Amino acid sequence: MEKSSMSLNTVFVDCETTGLDPESCAIIQLAAIRKDGTTFVKNLQPHPGAVIVDKALQVNGMTREQLLIFPTSDIVAKEFLEFLRPQAPKIILAGHNVIAFDVPFLKALYRRLNLLSEFESLIHYHYFDTLSLAMALNEAGIMQTQRGWLRLSDLTQALGVTNEKSHDAMGDIRATKHCYEKMLQLMKPNPVAQGSLV
């Protein structure tokens, strides 16, 4: 019997941030879905001195005034550890561009709080990245998109997935999870996915 990735300790995760640099910018919204369907979504204040890019706030639909009333990052970061803990050890984080974007932001957050070792003790060093999977399927001709480098919006359009709230962490992660499940279905009849490549 095939073993689904969701039988692994998979947690889909998405971060909305104040910019693109994980070392100087901050997470302001964090959402995740465990394999049992339990969800986590929290807004959080940027850390003191964080770079806040106005364009990033416009994309996320937030204001600087709103950021001030969110819980502090240390509170949310610790709550997220507790959310992850039941899935431990070695949780596989999954998401769209999770390797290059979300994971570096999460590691930077926990490094600032001196909790990086605790965070890393819970997660696996491998990740499921829907961006990498989509690019491979596109290259193989299994899935057709307009571009080789795929934004989440490109992927949802190609797969007919509705993102009910784009650039909202929970909206994006639900759409990402749906895209991931659809791509797994696309792979099933493909000989490469069946292990017949010689």
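Above this text sits the structure in question.
Starting from 1, residues in each chain are numbered consecutively following that chain's sequence as written. With the structure being a predicted model, the display of local features is reserved for residues of pLDDT at least 70 and the display and counting of side-chain atom pairs for 80 or more, all residues being used for whole-chain, interface and lining totals. Note that the side-chain values use all heavy atoms of the structure and ignore hydrogens as well as water.

**Q** Help me understand the sheet that holds strand β2 (residues 27-34), please; the structure alone is not making it clear to me.
**A** Strands in a sheet are paired, the pairing made by backbone hydrogen bonds, and the direction either parallel or antiparallel. Note on pairing: two strands pair once DSSP finds at least 2 bridges between them. Put simply, DSSP H or I for four residues or longer makes a helix, DSSP E for two residues or longer makes a strand, and each gets a number counted from the N terminus. The strand order β3-β2-β1-β4-β5 describes an open sheet built from five strands, whose pairing is mixed. Edge positions in the sheet fall to β3 (39-43) and β5 (128-129), since each of these pairs with one other strand and no more. One ladder, built from seven bridges, connects strand β1 (residues 10-17) with β2; its direction is antiparallel. When the sheet's bridge partners are listed, threonine 17 is paired in β2 with isoleucine 27.

**Q** Sorry, what's going on with the layout of surface pockets here?
**A** Think of a 1 Å grid over just the protein atoms. A cavity is a set of points where a 1.4 Å probe fits yet cannot get out, a pocket is an open set with protein on both sides within 12 Å along at least five of seven lines, and lining residues have an atom within 4 Å of a point. Grid points are joined across faces, edges and corners, and a volume is the space filled by probe spheres set on the points. The computed volume of the largest pocket comes to approximately 770 Å³. Lining the largest pocket are 25 residues, and of these Glu16, Leu20, Val59, Phe101 and His167 sit closest to its centre. When residues of the lining of the largest pocket are traced back to their parent elements, those giving at least two are β1, α1 (54-60), α4 (98-112) and α7 (152-159). Here the nonpolar group is Ala, Val, Leu, Ile, Met, Phe, Trp, Tyr, Cys and Pro; Asp, Glu, Lys and Arg are the charged ones; every other residue, Gly included, is treated as polar. Tallied by class, the residues present in the lining of the largest pocket amount to nine nonpolar, nine polar and seven charged.

**Q** Whenever I open this one, the environment of alanine 50 confuses me. Can you help?
**A** Secondary-structure assignment places alanine 50 in the loop between β3 and α1. Classification of residues uses two cut-offs on accessible area relative to the type maximum, computed with a 1.4 Å probe and protein chains only: under 20% is buried, over 50% is exposed, and between them is partly exposed. Judged by its relative accessible area of 14%, alanine 50 falls in the buried class. Along the backbone, alanine 50 and proline 22 are 28 residues apart, and their C-alpha atoms lie at a distance of 9.8 Å. When sequence neighbours within four positions are dropped, the list of residues in contact with alanine 50 reads Ser24 and Ala26. When checking whether two residues touch, look at their non-hydrogen atoms; a contact exists if any pair is within 4.5 Å.

**Q** I'm lost on the pairing of strand β4 (residues 92-95) in this one. Help?
**A** On any regular strand, side chains alternate: one points to one face of the sheet, the next to the other face. Going residue by residue along β4, you find Ile92 and Ala94 tucked away on one face and Leu93 and Gly95 tucked away on the opposite face as well. In this sheet, β4 lies alongside β1 in parallel orientation, the contact comprising three bridges. Note that in β4 the partner of valine 11 across the bridge is leucine 93.

**Q** When you look at the pattern of salt bridges in this model, what are you seeing that I'm missing?
**A** Two side chains bearing opposite charge may form a pair once their charged atoms approach each other closely. Each salt bridge in this description consists of a side-chain nitrogen of Lys or Arg and a carboxyl oxygen of Asp or Glu lying within 4 Å of one another. Evaluation of the coordinates by the stated rule reveals nine salt bridges. Close ionic contact of glutamate 23 with arginine 111 constitutes a salt bridge, the shortest N to O distance being 3.4 Å. Of this pair, glutamate 23 sits in the loop between β1 and β2 while arginine 111 sits in helix α4, and the two are 88 residues apart along the sequence. Since its relative accessible area comes to 51%, glutamate 23 is described here as exposed. Classification of arginine 111 as partly exposed rests on a relative accessible area of 41%. Of the charged contacts, one joins arginine 34 and aspartate 36 as a salt bridge, the two residues approaching to 3.1 Å between their closest N and O atoms. Accessibility expressed as a relative area gives 48% for aspartate 36, which makes it partly exposed.

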